[in-house]
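Structural overview for review
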Amino acid sequence: MKITDEVRISDNGFVFNSRTGDSFNVNPTGLELTKLIAQGHDFDTIKNMFLEKYDLDDLTFEKDFYEFIALIKHHQITSHEDPLDFK
Amino acid sequence: MEKLKYDKPSISKINAGMPSKFGLPVKQKIISEIDGIKVSTLMEEYGSPLFVISEKTIRETHAEAKRAFETRYPKVQFAWSYKTNYLDAVCSIYHEEGSWAEVVSGFEFEKALSNGVHGSQILFNGPDKSKADLRMAIEHNACIHIDHFDELYLLIETSREMKMKARVAIRVNMDAGIYPIWDRFGFNYENGDAWNAINRIMLAESLELIGLHTHIGTYIMVQSAYAIAASKLANLYMAIHRKFDYWLKYIDLGGGFASKNTLKGAYMPGNETCPSFDDYAEAISNALISSEIPHENLPILFLETGRALIDDAGYLLTTVIANKRLNNGRRSMVIDAGVNLLFTSFWYNLGVYPTRELEHAEESTIYGPLCMNIDVIRDAIVFPQVKTGEQLVIERVGAYNITQSMQFITYRPNVILIDNDGKTQIIRKKESLETFKNSEINPKRN
Ligand SMILES: Cc1ncc(COP(=O)(O)O)c(C=O)c1O
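Residues numbered from 1 in each chain as written. Chains lettered and ligands numbered in written order. Predicted model: local features only at pLDDT ≥ 70, side-chain atom pairs only at ≥ 80, totals over all residues. Heavy atoms only, no water.

1. Regarding the pattern of salt bridges
Evaluation of the coordinates by the stated rule reveals 31 salt bridges over all chains. A salt bridge links B:Lys129 to B:Glu151, with the nearest nitrogen and oxygen atoms 2.8 Å apart. Residue B:Lys129 is found in the loop between strand S7 (122–124) and helix H5 (131–139), and its partner B:Glu151 is found in helix H6 (residues 149–162); the two are separated by 22 residues along the sequence. What emerges from the salt-bridge pattern is a single network uniting A:Asp64, A:Glu67, B:Lys8, B:Arg325, B:Arg331 and B:Glu362. (Salt bridge = Lys/Arg side-chain N within 4 Å of Asp/Glu carboxyl O. Helix = DSSP H or I, 4+ residues; strand = E, 2+ residues; numbered from the N terminus.)

2. Quick word on unusual backbone geometry
Both trends apply: most residues other than glycine have a negative phi, and most peptide bonds are in trans. Residues and elements named next belong to chain B. Put simply, Ser48 and Pro49 share a cis peptide bond, and its omega is -5°. Inspection of the secondary structure assignment puts Pro49 in the loop between helix H1 (39–46) and strand S4 (50–54). Omega for the bond connecting Tyr179 with Pro180 falls within 30 degrees of zero, at -5°, which places this linkage in the cis form. When you line up the elements, Pro180 lands in the loop between strand S9 (166–173) and strand S10 (187–188). Located in the positive-phi region is Tyr400, a residue other than glycine, with phi close to 70°. Note on placement: Tyr400 falls in the loop between strand S19 (391–395) and helix H12 (401–404). With a phi angle near 70°, Ile409 is a residue other than glycine that sits in the positive phi range. With respect to the secondary-structure elements, Ile409 resides in the loop between H12 and strand S20 (415–418). Ile409 gets classed as exposed once you look at its relative accessible area, which sits at 54%. (Buried < 20%, exposed > 50% of the residue type's maximum accessible area, 1.4 Å probe, protein only.)

3. Considerations on empty space enclosed by the protein
Residue and element names in this part refer to chain B. Evaluated as defined, the whole model comprises one cavity of 30 Å³ or more. In this structure, the largest cavity spans a volume of roughly 50 Å³. Contributing to the lining of the largest cavity are Asn173, Met174, Ile178, Ile181, Trp182, Thr214, His215 and Ile216. (1 Å grid on protein atoms, 1.4 Å probe; cavity = no way out; pocket = protein on both sides within 12 Å on 5 of 7 lines; lining within 4 Å. Points joined across faces, edges and corners; volume = space filled by probe spheres on them.)

4. So, the packing of aromatic side chains
Residues and elements named next belong to chain B. Applying the stated rule across the entire model yields 28 aromatic pairs over all chains. Aromatic pair Trp80 and Tyr94: ring centres 3.8 Å apart, planes at 10°, arrangement stacked. Taken together, the residues Trp80 in strand S5 (residues 76–81) and Tyr94 in helix H3 (residues 88–96) connect sequence positions 14 residues apart. Accessibility classification places Trp80 together with Tyr94 in one group, the buried group. (Phe/Tyr/Trp six-rings, centres within 6.5 Å; stacked < 30°, edge-to-face > 60°.)

5. Looking at the domain arrangement of chain B
Residues and elements named next belong to chain B. Looking at chain B, the domain boundaries give domain 1 (33–52 + 312–425) and domain 2 (55–311). Here the C-alpha centroids of domain 1 and domain 2 sit 33 Å apart. Across the contact, 23 residues belong to domain 1 and 25 residues belong to domain 2. Both sides together, the interface formed by domain 1 and domain 2 hides about 2,200 Å², and carbon and sulfur atoms give 49% of it. When the area that domain 1 buries against domain 2 is broken down by residue, the three leading residues are Tyr348, Arg396 and Tyr400, summing to 28%. (Domains from an automatic or database assignment. Contact = heavy atoms within 4.5 Å. Buried area = accessible area lost by both parts, 1.4 Å probe.)

6. Observations regarding the interface of chain A and chain B
Tallying the contact residues gives 26 residues for chain A and 16 residues for chain B. Together, the buried faces of chain A and chain B total about 2,100 Å²; carbon and sulfur atoms form 60% of this surface. Put simply, chain A and chain B have four salt bridges between them. Residues B:Arg325 and A:Glu67 are paired through a salt bridge, measuring 2.9 Å at the closest nitrogen-oxygen approach. One can count 13 residue pairs in polar contact (both at pLDDT 80 or more) joining chain A with chain B. At the level of elements, strand S4 (22–26), helix H1 (28–38), helix H2 (43–53) and helix H3 (58–74) of chain A are the ones that each hand at least two residues to the side of chain A that touches chain B. (Polar contact = N/O pair within 3.5 Å; in protein donor to acceptor, adjacent residues only side chain to side chain.)

7. A word on the pairing of strand S13 (residues 300–303) of chain B
Residues and elements named next belong to chain B. Strand direction decides the pairing type here: S5 and S13, joined by three bridges, are parallel. Counterpart to Gln77 in the pairing with S13 is Phe302. Where strand S12 (residues 250–252) lies against S13, three bridges are found, and the strand directions are parallel. Bridge pairing in S13 links Asp252 to Phe302. (Pairing = 2+ DSSP bridges.)

This is how it looks when you write it as structure tokens:
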């Protein structure tokens, strides 16, 4: 999974997709996740980083992570070639 | 190291300058208590899902309807439409408020009798009255509203055999500007069938014609339709007087007033668009009072109002079972109350509300718990983010849901009443395996 080329992410949480013309607001944790994904980290790495930093259990993170991934994919912020990606 | 507070990651699309169809988003409504009792307390004691009926709302709504009509018309009598909600506890409140009973089957007739309604105060409607039903109705001196000619002849035969007189009215269907016309019930006004039926009844020695009935449809959003209906019945009323020198006792305009629910596909919420009791009362009273009928011979006005009287008094409390993102990114959730309990979810966009302030509203779909694709309570509702176990309230479900609810897949829940003193009690028990064992027979095999 990677962030689509046409997507620009600013540090205040504003995301613009020039391919679709859509813009979005992401909250701080959403922004952090998006950046980590953009840097190419895998699920386990991101999970460990989050668990260390936040008052959070692993199952909650997992649920929220995949929900967020599904959303940014839906908004064409990421592109997936392989449906088994991130399993 | 102290860990930071975690917020669920979220992303929301910016729709600049694009207000929703109801204008800018308003503050999310919440329902945390009913008649002063916390929703969480009710669910803790009686389980989830849970139907809750408010006696206070029933009585207040009834009083409002009564006032609207009685201040405009000299003689008004409500008859509680049993099929709308025939829990004994509910019917008894209406009877205490002075309502007669409007029934459409032998079963409902028996229920009304067992609730202590005098037979002469039962209006017996509907196309399905067996000979046994008609006997029961004649014995109890009920007002039998004849639906079709076959019933008329069966009634003549039955009353002759019993050597008793049956008190009857006819149901009339007509063009009142409401389409499609419900012409499957009763005798048509415009084509002369109603007048023919009246003439036949006036010739039958064992029948006494006492009224005229119509029910032009349900959720009628224009009060002028009732004015048309009232005028047409007034014409028949006068025609009977002219030909037979005889005054009927009543004109019954049936039910059909819209409740404040919002119909599917409606552009505006029902509570802003539907006529009030005052509007309906004004239209009907004016039509009758300004008709040809002399003031001293005005008939009693019967009303069989159902949904508009009880919808607001009923709530369904429910719990979130799961959250789910659909393939298209849409947020959805599964709650523990399905369409088998909420028949009216097929007509209305039912109001579903959280019990406390929640954030991150977005368009969502609310599914029931049945393992069936049709089990959708709301297909598009702007709803905040909820966790599993979150308690929600569905409002305005007092009409038709409890009577039409189906047992399916799981037990039907408790129904409780919050009485005028704020006390709660079960008025119909949750089903159990016993409920089914009691009526099923499993034949022994060798
Ligand atoms: C004969 C008759 N009367 C009264 C009612 C109650 O109607 P509503 O709930 O629309 O007021 C009905 C419902 O269909 C009906 O058939």
